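# Coordinate inspection notes
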Amino acid sequence: MHISNRLIKYFKFYIGAKGLRGYGIHSPFVFNLVTQIIRKNKSELFYKKIEKHRKGLLKNKSVIQITEMGSGSCKYSGKQRSIKNIAAHSLKPKRQAQLLSRLVGHFQYSHIIEIGTSLGITTCYLAQVNPKCQVITLEGCPEISKIAQTTFDSLQVKNVQLMTGEFKQTLNKAIEGMARLDFVFFDGNHRYEPTLDYFNICLNKKHNNTLFVFDDIHHSLEMEKAWEDITTHPEVKATIDLYFMGLVFFKKELTKQHFKIRF
Ligand SMILES: C[S@@+](CC[C@H](N)C(=O)[O-])C[C@H]1O[C@@H](n2cnc3c(N)ncnc32)[C@H](O)[C@@H]1O
C-alpha cells in the first residue's frame, strides 16, 4: 500500500477511534481492558534486559542467508540480510511487544503460540512475564531461527520451544502438543488465505478465555479483508482494532461488538 494511502487510512482510523481513557466504551470488559491494561505503561525488570538485547541486534552487521517465506510487513526482500536490518524492520516495537506481555500477564495465560518468531524479541516478552508458561514459537527461515535461539539462550529464556519450518506444518504440530490454547500471536505471512487458514486451525483449540492477536491488520487490502472476515466469524465476540494489531475475544458472555482504540 502506498505511503500516502496508509496515512489517509490511519487518519480516518484516528478520527473514528476511541481514546485510551475509555470514554464512550460501554462494554465493562473492554472498558477495564483499555483503561487498566492497554493504557497502562508500567516497566518490568525483564523489559530492560530484552531491550538491551534488541539494541545489540540493531548494531549487528553480520549478514545471513534468508529463506523467504510468505509475506510480511518488512520492506526488505533480498536473499541476504543483515541482522540489524531484520531487527529494524521485522520486529514489533517495544511499546507493542510490552502490551502483548501485559495481556499475557493480566489474563495469566500459560499456553501460548507465536506464529512468526524472527529474532525472538517479542517471544521473550511473551515468555518472561510468567516463566512457568509454555510458549511455542514458529519460524520458517533456518538462519533467522538460529539467531532467535541465541536470543533465548543469552536472555536465559527457558520456557520457549522454537519450531523451524513452514507454518502449514509446524502450526498443526504445535497445536497438537498443547493441552489448550490461551493466546496466539499471528505475526507472519500477512496474506488473506494463510491468515484465515491459521485462524481456522487455531479455532479448533480455543476456549472461552482465549485471545488471538493479529498483527498488521491494516497492512494491505488483503489483510483488511482477512480482519473483516475474522471479526464477522460467528464464534468471535468482542474485537479491538488498535490499528497496528487486532485483538479477538471469544467470551460467550460478551455481546458481539467491535471497537477501535487509538493506542
Ligand atoms: C514479522 S516477523 C515476526 C516478528 C516477531 N513476532 C517479533 O515481533 O519479534 C515474521 C517471521 O515469520 C516468518 N515467516 C513468514 N511466513 C512464513 C511461513 N509461511 N512459514 C514459516 N515462517 C514464515 C518470517 O521468516 C519472519 O521471520
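Below: a short report on this structure. (Residues numbered from 1 in each chain as written. Predicted model: local features only at pLDDT ≥ 70, side-chain atom pairs only at ≥ 80, totals over all residues. Heavy atoms only, no water.)

### Side note on the packing of helix α9 (residues 192–203) against helix α10 (residues 221–231)
Angle between the axes and distance between the axes are the two parameters that describe a pair of packed helices. Contact geometry of α9 with α10 gives a least axis separation of 8 Å together with a crossing angle of 30°. The angle between α9 and α10 falls in the class roughly parallel. In the packing of α9 onto α10, the handedness of the crossing is right-handed. Here Tyr192, Thr195, Leu196 and Phe199 of α9 lie close against α10, whose contacting residues are Glu222, Met223, Lys225, Ala226, Asp229 and Ile230. (Axes fitted to C-alpha atoms, helices over the stretch in contact; angles between N-to-C directions. Helix = DSSP H or I, 4+ residues; strand = E, 2+ residues; numbered from the N terminus. Parallel < 35°, antiparallel > 145°, perpendicular 65-115°, else oblique. Left-handed = near helix turned anticlockwise from the far one by under 90°. Contact = heavy atoms within 4.5 Å.)

### Here we look at the environment of His26
On the secondary structure map, His26 appears in the loop between α1 (3–16) and α2 (28–38). His26 gets classed as exposed once you look at its relative accessible area, which sits at 70%. For the pair His26 and Glu193, spaced 167 residues apart in the sequence, the C-alpha separation amounts to 33 Å. (Buried < 20%, exposed > 50% of the residue type's maximum accessible area, 1.4 Å probe, protein only.)

### Brief notes about the sheet that holds strand β4 (residues 134–139)
Taken in spatial order, the 8 strands of this open sheet run β5-β4-β3-β6-β7-β9-β8-β10, and their pairing is mixed. Both outer strands of the open sheet, β5 (160–164) and β10 (258–260), are each paired with one neighbouring strand and no more. Across the sheet, the mean angle separating the axes of adjacent strands is 15° when strand polarity is ignored. The pairing of strand β8 (residues 239–241) with β10 spans 3 bridges and is classified as parallel. From the neighbouring strand, Thr239 faces β10, where its bridge partner is His258. With respect to the sheet, α9 is in contact with β3 (111–115), β6 (183–186) and β7 (211–215), its orientation differing from that of β7 by roughly 170°. (Pairing = 2+ DSSP bridges.)

### Quick notes on the pairing of strand β9 (residues 245–249)
Counted residue by residue, β9 has 5 buried out of 5 residues, so it is predominantly covered. Side chains Met245, Leu247 and Phe249 project from β9 onto one buried face, and the interleaved Gly246 and Val248 project onto a second face that is buried too. Pairing between β8 and β9: 3 bridges, direction antiparallel. Looking at the pairing, Ile240 lines up with Leu247 of β9. Taking the residues that link successive antiparallel strands as the turn, the β8-β9 hairpin has 3 residues, and the phi of Tyr243 there is positive, at about 75°.

### So, the pairing of β3
Across the 5 residues of β3, 5 count as buried, placing the element largely inside the fold. Side chains His111, Ile113 and Ile115 project from β3 onto one buried face, and the interleaved Ile112 and Glu114 project onto a second face that is buried too. One ladder, built from 5 bridges, connects β3 with β4; its direction is parallel. Within β4, the residue paired with Ile113 across the bridge is Ile136. For the crossover that starts at β3, traverses helix α6 (residues 121–128) and ends in the parallel β4, the hand is right-handed. Pairing analysis gives 4 bridges linking β3 to β6, with the strands arranged parallel. Each residue of the ladder has a partner; that of Ile115, found in β6, is Phe186. (Right-handed = clockwise from strand over helix to strand, strands pointing away.)

### Some details on the nonpolar core
One finds Ile38, Leu119, Phe183, Ile240, Leu242, Leu247 and Phe249 to be the most contacted residues of the largest nonpolar core, which totals 56 residues. Considering each element in turn, this core owes the most residues, 6 residues, to α2. Filtering out sequence-adjacent residues up to four positions away, Leu242 remains in contact with Phe13, Ile38, Leu99, Leu247, Ile261 and Phe263. One finds Met163, Phe212, Ala226 and Phe250 within the second-largest nonpolar core, a separate group that totals 28 residues. (Core = buried A, V, L, I, M, F, W, Y, C linked by side-chain atoms within 4.5 Å.)

### What about the side chain of Thr151?
With respect to the element layout, Thr151 can be found in helix α7 (residues 142–154). Within the structure, the side chain of Thr151 is placed 3.2 Å from the side chain of His53, a separation counted as a polar contact. Apart from residues no more than four positions distant in its own chain, Thr151 is found in contact with His53, Leu57, Leu119, Gly120, Ile121 and Cys124. (Polar contact = N/O pair within 3.5 Å; in protein donor to acceptor, adjacent residues only side chain to side chain.)

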